[in-house]
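Summary of the model geometry
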Amino acid sequence: MHTSDTPSVPVPRALLFGASGPIGRRVLERLLAHGWAVTALSREMQTAREGVDWRRGGFPDTIGESAGFDAILSCGPLDLFSHWYADTSTGAARVVAFGSTSVHVKADSPDAAERDLAERLREGEARVSQAARARGAVVTVLRPTLVYGGGGDRSLSRIAALARRHGFFPLPDDALGLRQPVHVDDLADAALAALARAGGGARAYDLPGGETLSYREMVARTLATLDPPARPWLLPAPLFALAVAAARLCGLHDAGPAMLARMRQDLAFDDVPARRELGYVPRGFEPDAGMFGTGDAG
Ligand SMILES: NC(=O)c1ccc[n+]([C@@H]2O[C@H](COP(=O)([O-])OP(=O)(O)OC[C@H]3O[C@@H](n4cnc5c(N)ncnc54)[C@H](OP(=O)(O)O)[C@@H]3O)[C@@H](O)[C@H]2O)c1
C-alpha cells in the first residue's frame, strides 16, 4: 500500500531527437516500455500519446529547454545534433547518438558529396565527444550499417518499390561486395543498452547486422519477399554500367558511379566491441514483405 512515507522512485527523463524516424520510433517504444518519461522533438505535428511530451522544433532553430534530463538521444542527423549539444547548457546527462559506418566507407569516395558526408559524420562524433568530456557526461555513438525493418528506407525499401513496379530488379553480375543489413529493432535495443553501459567517457561502436552476405544475395532475399516475388535480373557488368549511365542521363535514377562501384566493395564491420560491451546480438537477415513498405513495419 502506498503511504505518504513510501519514498517515490523518480521517473527517469529522456530528451529524444529524431523520434519520428525509422530508428527513433523503435527507440521511443523501448524508452516508454522501460518507464522513461520522454520529451520528443519533431518539426511536424505528432499524435499525442501517454508518456510522451511532443515539442515542435528542429535544428538549427529553437529546440526548447535542454536541462533536467537523465539522457539525451539523437536518432536524426548527427552533425546538426552535435552543434546543438556543443552549444547547449545541458548538464551531465548520458548521451546516445546515432552516426553511421559511412564515416569509414565514404571518407575516400570519388564522389565529393559522399566525402563531405563522411567528414560531417567524423566532425559530429568528435564534437559530441569533446563536449561530453568537458561536462563529465558519458557519450555513446552508434554507427549502423545498412538499416532495414522500419519501412521507407532509402536502400532495401527503395529496391523493393522499384521491383514491385517492374517485376524485376537489374543488377550487375559482379555485385558480390559483402553487406551486413541491420534491423531497426536491434539498433533500438543497442541504444537502450548504451544508456546503461558500464564505463565512462566517449565510445563509438560499429553496429552491423548479424549476417554477412553478398549484395546480390541481400537483394535476392528482399525481392523474394514480395507478392508476387520478384527476381534480380543479372546483367554482365559492362552492359549494366552502360545501361545505368544512359538511364542517369535520361533522369530515370540518381545512382552515381561511386554507389555502383560499392556493389563490388566489401562493407563489413567488427561487432565484437558492441557484443562485449553492449550485449549486442543482432539477428540474421531474414526479411519479410512487411519490412519494405512505405511506413513503419513490424
Ligand atoms: N537508415 C539508414 O540506412 C541509416 C544507416 C546508417 C546510419 N543511420 C543513422 O541513424 C540515424 C537515424 O536514421 P533514420 O533512418 O532512422 O532516420 P533519418 O531519416 O536519418 O532521420 C529522420 C529523423 O531526423 C529528424 N530530423 C531531420 N532533420 C532534422 C532537423 N533539421 N532538426 C531536427 N530533427 C531532424 C526527423 O525529425 P522530424 O522530421 O520529425 O522533424 C526524423 O525523426 C541517423 O543518424 C542516420 O544517419 C541510418
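Report on the accompanying structure. Just so it is clear, the structure is predicted and the values come from calculations on it, not from any experiment.

**Some thoughts on the sheet that holds strand 2 (residues 37-42)**
Strand order in the open sheet formed by 7 strands is 3-2-1-4-5-6-11, and the pairing between neighbours is parallel. Two strands lie at the open edges of the sheet, namely strand 3 (52-56) and strand 11 (202-207), each paired on one side alone. Across the sheet, the axes of successive neighbouring strands diverge by a mean angle of 15°, strand direction being ignored. With 4 bridges joining them, strand 1 (residues 13-17) and strand 4 (residues 71-74) adopt parallel strand pairing. Looking at the pairing, Leu 15 lines up with Ile 72 of strand 4. Contacting strand 1, strand 2, strand 3, strand 4, strand 5 (94-98) and strand 6 (139-144), helix 1 (residues 22-33) runs over the sheet at an angle of about 170° to strand 1.

**Describing helix 5 (residues 156-166)**
Because the α-helix completes a turn every 3.6 residues, residues three or four places apart line up on one side. Taken together, the buried positions of helix 5 are occupied by Leu 156, Ser 157, Ile 159, Ala 160 and Ala 163. The arc enclosing the buried residues of helix 5, seen along the axis, measures out at 155°, which places them on a common side. Contact partners of the buried residues in helix 5: strand 7 (147-148), strand 8 (168-172) and helix 7 (215-224). Immediately beyond the C-terminal end of helix 5, within one or two residues, lies Gly 167, with a positive phi of roughly 85°.

**As for the pattern of salt bridges**
Close approach of charged atoms lets side chains of opposite charge pair. Counting across every chain of the model gives 19 salt bridges. The salt bridge partner of Arg 122 is Glu 119, with a shortest N-O separation of 2.9 Å. In this pair, Arg 122 and Glu 119 are both assigned in helix 4 (residues 112-134), 3 residues apart and thus about one turn of the helix distant. When the shortest N-O distance is used, the salt bridge between Glu 123 and Arg 127 registers 3.9 Å. With Glu 123 and Arg 127 both in helix 4, this residue pair falls 4 residues apart, about one helical turn. Judged by its relative accessible area of 33%, Glu 123 is partly exposed. According to the relative accessible area criterion, Arg 127 is partly exposed, its value standing at 21%.

**Digging into helix 2 (residues 78-87)**
Those residues of helix 2 lying buried are Leu 78, Asp 79, Phe 81, Ser 82, Trp 84 and Tyr 85. Buried positions along helix 2 lie against strand 1, strand 4, strand 5 and helix 4.

**With respect to the site of the ligand**
The local shell around the ligand holds 21 residues, among which Ser 20, Ser 42, Arg 43, Phe 59 and Gly 76 are the closest. Contact distances for the ligand include 3.1 Å between an oxygen atom and a backbone N or O atom of Gly 21. Computed on the free molecule, the ligand has an accessible area of 880 Å², of which 81% lies beneath the protein chains in the complex. For the shell around the ligand, the per-class residue count stands at 10 nonpolar, 10 polar and 1 charged.

**A short note on the packing of aromatic side chains**
Any aromatic ring pair is given by two values, namely how distant the centres are and how the planes are angled relative to each other. Using the criterion set out here, one finds 8 aromatic pairs in the structure. The interplanar angle of 45° and the centroid separation of 6.4 Å between the aromatic rings of Phe 59 and Trp 84 together place this pair among those described as tilted. Of this pair, Phe 59 sits in the loop between strand 3 and strand 4 while Trp 84 sits in helix 2; the two residues are 25 residues apart in sequence, bridging distant segments of the chain. Residue Phe 59 shares its accessibility class with Trp 84, and that shared class is buried. Centre to centre, the rings of Phe 168 and Trp 233 are 5.2 Å apart; their planes meet at 85°, and the pair counts as edge-to-face. Linking Phe 168 in strand 8 with Trp 233 in strand 13 (residues 231-235), this pair joins segments that are 65 residues apart in sequence. Its relative accessible area of 46% is what places Trp 233 among the partly exposed residues.

Parameters and conventions
Residues numbered from 1 in each chain as written. Predicted model: local features only at pLDDT ≥ 70, side-chain atom pairs only at ≥ 80, totals over all residues. Heavy atoms only, no water. Pairing = 2+ DSSP bridges. Helix = DSSP H or I, 4+ residues; strand = E, 2+ residues; numbered from the N terminus. Axes fitted to C-alpha atoms, helices over the stretch in contact; angles between N-to-C directions. Contact = heavy atoms within 4.5 Å. Buried < 20%, exposed > 50% of the residue type's maximum accessible area, 1.4 Å probe, protein only. Arc of directions from axis to C-beta. Salt bridge = Lys/Arg side-chain N within 4 Å of Asp/Glu carboxyl O. Near = heavy atom within 4 Å. Polar contact = N/O pair within 3.5 Å; in protein donor to acceptor, adjacent residues only side chain to side chain. Areas by Shrake-Rupley, 256 points an atom, 1.4 Å probe, with all protein chains shown as cover. Nonpolar A, V, L, I, M, F, W, Y, C, P; charged D, E, K, R; others polar. Phe/Tyr/Trp six-rings, centres within 6.5 Å; stacked < 30°, edge-to-face > 60°.

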